[in-house]
Structures are given as structure tokens and as C-alpha cells.
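Structure at a glance
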Amino acid sequence: MPALLCTLGTDAEDAALNRPVLVLRAAEVAGARALLDPQLAPLALTLLTAWQAVFGASRLPMLRAELQQALARIAAADLPDTLVPALALQRLATTSATAQEFGLNLYIRAEDE
């Protein structure tokens, strides 16, 4: 399973010049996917399974909402076992919020580790 690299930019060329703002290793991606319900988080699952994807202004609010709902569904008793995947989802939610706040697109690409 590949690692996911997330960059921000106004367009693909701009994002290609920027350093990744978030890197999720394969184990983090697998754990985060396990926390997501396909019925409730289709955009988040798309992001975590895509080799390449772009999330712009129209999809970022929905993505953020899905991630926040997934985080809210984690029971406190389960947190010790799901801490690393939960933190991966939280970092992804924060990255999405930053993109939305600054009016940038979120570019996702997968790379083999």
C-alpha cells in the first residue's frame, strides 16, 4: 500500500512546486480507512484510496464534515487502540481546513514507500 502525499495549491502546477503539507504512511492510511464507514464518508474513502485526486472549494466542506463525524464516532474506550489512525484523520481534517481557509485546492497523490 502506498503512502499519500497532500499538497496545497491554486492549481496543479502550483501544487507541484510546493512541499507536501501532510504525508500519511501506508500503515496510517490503512488504519484511517478502517475507521471510516463507506456510507458516511465516501469522499474521505475516495481520498484515502486514490492514486491521485483533487479536492477543491466545493468538496472541502463535505470532506471536513465526514472527517469530523468519523472522529466523533470513535469511542473513548477504543481510543488507545485507534490512536494512530485517529491522529491521521485529525491531521487530514486540519490540512483540509487550512486549504479551505486559504482558498487553495488539496492535491493528493500516492507514492510507493
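These numbers come from a predicted model, not from an experiment.

A count of helical and extended segments in the protein chain gives five helices and four strands. Ordering the α and β elements of the protein chain from the N terminus gives β-α-β-α-α-β-α-α-β. A compact globule built from 113 residues should have a C-alpha radius of gyration of about 13 Å, and the protein chain, at 13 Å, falls within 12% of that. When the backbone C-alpha atoms are referred to their principal axes, the protein chain occupies close to 45 × 30 × 20 Å. Here the protein chain, with 113 residues, has 43% of them falling under the buried criterion. Restricting the contact set of the protein chain to residue pairs at least 6 apart, pairs at least 24 apart contribute 69%. Carbon and sulfur atoms make up 56% of the accessible area of the protein chain, which amounts to about 6,200 Å² in all. Distance from the positive charge centre (8 side chains) to the negative charge centre (12 side chains) of the protein chain: 1 Å.

Quick look at the packing of helix H3 (residues 42-49) against helix H4 (residues 60-72) now. Look at H3 against H4: their axes get within 8 Å of each other, and the N-to-C directions meet at 95°. Comparing their axes, H4 and H3 come out roughly perpendicular. Side by side, H3 and H4 meet where Pro42, Leu43, Ala44 and Leu47 of the first sit next to Met62, Leu63, Glu66 and Leu67 of the second. Considering only residue class, the contact of H3 with H4 consists of seven nonpolar, no polar and one charged.

Core analysis: the largest hydrophobic core is formed by 32 residues, its most contacted members being Leu47, Leu48, Phe55, Leu63 and Leu106. Here the element with the most residues in this core is helix H5 (residues 79-102); it accounts for six residues. In this view, Leu47 contacts Leu4, Phe55, Leu63, Leu92, Leu106 and Ile108; residues no more than four positions away in its chain are not counted.

Attention shifts here to the layout of surface pockets. By volume, the largest pocket amounts to about 180 Å³. In this structure, the largest pocket is lined by Leu5, Thr7, Ala12, Ala15, Ala16, Asn18, Gln52, Ala53, Val54, Tyr107, Ile108 and Arg109. Classifying every residue of the lining of the largest pocket gives eight nonpolar, three polar and one charged.

Moving on, we come to the pattern of salt bridges. Using the criterion set out here, one finds two salt bridges in the structure. With a closest N to O distance of 2.9 Å, Arg91 and Glu28 form a salt bridge. Placement of Arg91 in helix H5 and of Glu28 in helix H2 (residues 26-35) is noted, with a sequence separation of 63 residues between them. Assessed through its relative accessible area of 32%, Arg91 is described here as partly exposed. Notably, a salt bridge pairs Glu111 with Arg109, separated by 3.1 Å at the nearest N-O pair. Classification of Arg109 as partly exposed rests on a relative accessible area of 34%.

Criteria and cut-off values
Residues numbered from 1 in each chain as written. Predicted model: local features only at pLDDT ≥ 70, side-chain atom pairs only at ≥ 80, totals over all residues. Heavy atoms only, no water. Helix = DSSP H or I, 4+ residues; strand = E, 2+ residues; numbered from the N terminus. Rg over C-alpha atoms; globule rule 2.2 N^0.38 Å. Buried < 20%, exposed > 50% of the residue type's maximum accessible area, 1.4 Å probe, protein only. Contact = heavy atoms within 4.5 Å. Areas by Shrake-Rupley, 256 points an atom, 1.4 Å probe, with all protein chains shown as cover. Lys, Arg positive; Asp, Glu negative; His and termini not counted. Charge placed at Lys NZ, Arg CZ, Asp CG, Glu CD. Axes fitted to C-alpha atoms, helices over the stretch in contact; angles between N-to-C directions. Parallel < 35°, antiparallel > 145°, perpendicular 65-115°, else oblique. Nonpolar A, V, L, I, M, F, W, Y, C, P; charged D, E, K, R; others polar. Core = buried A, V, L, I, M, F, W, Y, C linked by side-chain atoms within 4.5 Å. 1 Å grid on protein atoms, 1.4 Å probe; cavity = no way out; pocket = protein on both sides within 12 Å on 5 of 7 lines; lining within 4 Å. Points joined across faces, edges and corners; volume = space filled by probe spheres on them. Salt bridge = Lys/Arg side-chain N within 4 Å of Asp/Glu carboxyl O.

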